[in-house]
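Commentary on secondary and tertiary structure
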Amino acid sequence: MVQMNNVTMVYENSDVAALDSVSLTISEGEFAFLVGPSGSGKTTIIKLLTGEIMPSDGEVIVNGFNTVKLKRRKMPQMRRTLGVIFQDFRLIDKMTVYDNVAFAMRVVGAANKEIRERVPKVLELVGLEGREKRLPAELSGGEQQRVAIARALVNNPTMIIADEPTGNLDPVRSLELMLLLEK
Amino acid sequence: MKLNRYGYLIGEGFRNIFTHCFMSFASVTIIIACLIVMGIFSLLDININQIIDDIGDQNQILAYVDEDMTAQEASAKLQTKLESLDNVASVEFVSRSEARESFMEKYDESLMEGIDDEVFRHRFSIQLIDLSLMDETKAEIEDVDGIVKVNAPTEFADKFISVRNVISIVSLALIVILGFVSLFIMSNTIKLATYGRREEIAIMKMVGASNSFIRCPFIVEGLVLGVVGGGLAFLAQWGLYAALEAKIVESLGISFVEIVPFAQVWPFVLITFLAVGILVGAVGGVIAIRNYLKV
Ligand SMILES: Nc1ncnc2c1ncn2[C@@H]1O[C@H](COP(=O)(O)OP(=O)(O)O)[C@@H](O)[C@H]1O
Ligand SMILES: [Mg+2]
């Protein structure tokens, strides 16, 4: 599902490599963890997988799409196979929980009927039933994160990517979350 | 499904406009101002062209025939020769006596006492296709055998034509400059909307929304602003033109210049204004969102 071959990443405004000749393979059905101290390049790898940045050298293959060779027009197609949970969640402040999740379906062209069926199911799965009408600011950190997870799951991606999913959670919550992601 | 989706995108476009009321208002105002200035100059251009056409109709070239030729000889030999010249629209033979009669019709008969037919020569009255080539055509007519003298109102025509040319150049320059000004204001207005929605745009990209989908609300925003601006500018132009028309007719008298009535040009004005509005709006939208779609 993921293959990185000799990937080197040097950010434009810096002269040291954030990644230096990294190769890795993650196969289908695998639950992979990437650990390392802050600044070691974890987020950089995720950005490479989502096509947000392009490697300075080497190649990145995600779900059969080679991000370097991929035409820009085809990028959305690759991204639809991914569900990304950002380190800072990136929820839309002015949208309710329900709308934050529905938004992800709407912008890839899902029908209203489909959205009405699917969103409540996913919110239930992450344990947010009853919170649909709240704004992100009215939720705890853990609840916000579950909105982000629901949004990543809602379009049925083949792969979920989470950046520091347990970074700002206590150990009990972290365990719960790991169990949730494993579903 | 399609309908829902378009409904959503169009709704977002309208929402952008109202979230940035002031900038939307500003860009519509600028577009209106630009269109009116463009309109004034274009209409001025149209009117001057009409005046030039009128001058063309009224000011024929007169080519006088050699004294030695009879009326029959002249019309038989010279008519076709003159008609075959490039810039000549029509040629009419006027005999000595006809010329005398029409002169007498125009002026007091007492003036004519003692003047006989011989003073009037046989002549050809010639209409041109393009007035701006009057000088060249005059020379060509003078070269025709049997023509002794050519009278052409070249100076009068030249003056109007040079005025027309100046106005055409100024109009064109203004249209280009104001077009860019409108585009600049429009794209910055829409940029404000993209800035307010940058988080949404980032998420849209991450979940795989297509570029055209992301672009759509901003283009809708531009189109709506452009069409509203074009429509309002049309109404303003209409009022302005009608008022000016009335003023000019009142102060100069009806007979001096014929003003092109708005009824005759409004489809041109409306279509041009809407087209410019649509173009500026759509291109402004594309420019505004361009930077977000690179990654
Ligand atoms: N946009 C950027 N421009 C320049 N350097 C960056 C940028 N993003 C990250 N870096 C650098 O790349 C290295 C890896 O960062 P990152 O991938 O965010 O680490 P992690 O997520 O493991 O904490 C760091 O040294 C960081 O300073
Ligand atoms: Mg990080």
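Residues numbered from 1 in each chain as written. Chains lettered and ligands numbered in written order. Predicted model: local features only at pLDDT ≥ 70, side-chain atom pairs only at ≥ 80, totals over all residues. Heavy atoms only, no water.

Each helix and strand counted, chain B has nine helices and four strands in total. Each helix and strand of chain B, ordered N terminal to C terminal, gives the series α-α-β-α-β-α-β-α-β-α-α-α-α. Burial analysis of chain B (295 residues in total) assigns 40% to the buried set. Accessible surface computed for chain B: about 15,900 Å², of which carbon and sulfur atoms make up 63%. (Helix = DSSP H or I, 4+ residues; strand = E, 2+ residues; numbered from the N terminus. Buried < 20%, exposed > 50% of the residue type's maximum accessible area, 1.4 Å probe, protein only. Areas by Shrake-Rupley, 256 points an atom, 1.4 Å probe, with all protein chains shown as cover.)

Quick look at the interface of chain A and chain B now. Across the contact, 23 residues belong to chain A and 20 residues belong to chain B. For the pair chain A and chain B, the two sides together bury roughly 2,000 Å², of which 62% comes from carbon and sulfur. Note that Lys94 of chain A is salt-bridged to Glu200 of chain B, the shortest N-O span being 3.0 Å. Elements supplying a minimum of two residues to the side of chain A that touches chain B: helix H2 (75-79) and helix H3 (97-106) of chain A. Sort the elements by how many residues they give to the side of chain A that touches chain B and H3 of chain A lands first, with three residues. In terms of residue class, the side of chain A that touches chain B is built from 10 nonpolar, four polar and nine charged. (Contact = heavy atoms within 4.5 Å. Buried area = accessible area lost by both parts, 1.4 Å probe. Salt bridge = Lys/Arg side-chain N within 4 Å of Asp/Glu carboxyl O. Nonpolar A, V, L, I, M, F, W, Y, C, P; charged D, E, K, R; others polar.)

Octahedral metals with six donors have ideal donor angles of 90 or 180 degrees. Tetrahedral metals with four donors have an ideal donor angle of 109.5 degrees. Every protein donor of the magnesium ion (ligand 2) is listed here as Thr43 of chain A (OG1) and Gln87 of chain A (OE1), and their distances to the metal cover 2.0 to 2.7 Å. With Thr43 of chain A in helix H1 (residues 42-50) and Gln87 of chain A in the loop between strand E5 (82-85) and H3, this pair connects stretches of sequence that are 44 residues apart. (Donors = N, O, S within 2.8 Å, 3.2 Å for Na, K, Ca; no water.)

Bringing the environment of Lys77 of chain B into the picture now. Examined against the element boundaries, Lys77 of chain B turns out to sit in helix H3 (residues 71-83). Taking the C-alpha atoms as reference points, Lys77 of chain B and Asn87 of chain B, 10 residues apart in sequence, are found 19 Å from one another.

All right, on to the site of ligand 1 then. Residue and element names in this part refer to chain A. Around ligand 1, the structure places Tyr11, Asn13, Ala18, Pro37, Ser38, Gly39, Ser40, Gly41, Lys42, Thr43 and Thr44. Gly39 is positioned with one of its backbone polar atoms (N or O) 2.7 Å from an oxygen atom of ligand 1. Contact between ligand 1 and Ser40: an oxygen atom at 3.3 Å from a main-chain N or O atom of the residue. With three residues, H1 is the largest single contributor of residues to the shell around ligand 1. Each residue belonging to the shell around ligand 1 can be placed in one class, and the counts come to three nonpolar, seven polar and one charged. (Near = heavy atom within 4 Å. Polar contact = N/O pair within 3.5 Å; in protein donor to acceptor, adjacent residues only side chain to side chain.)

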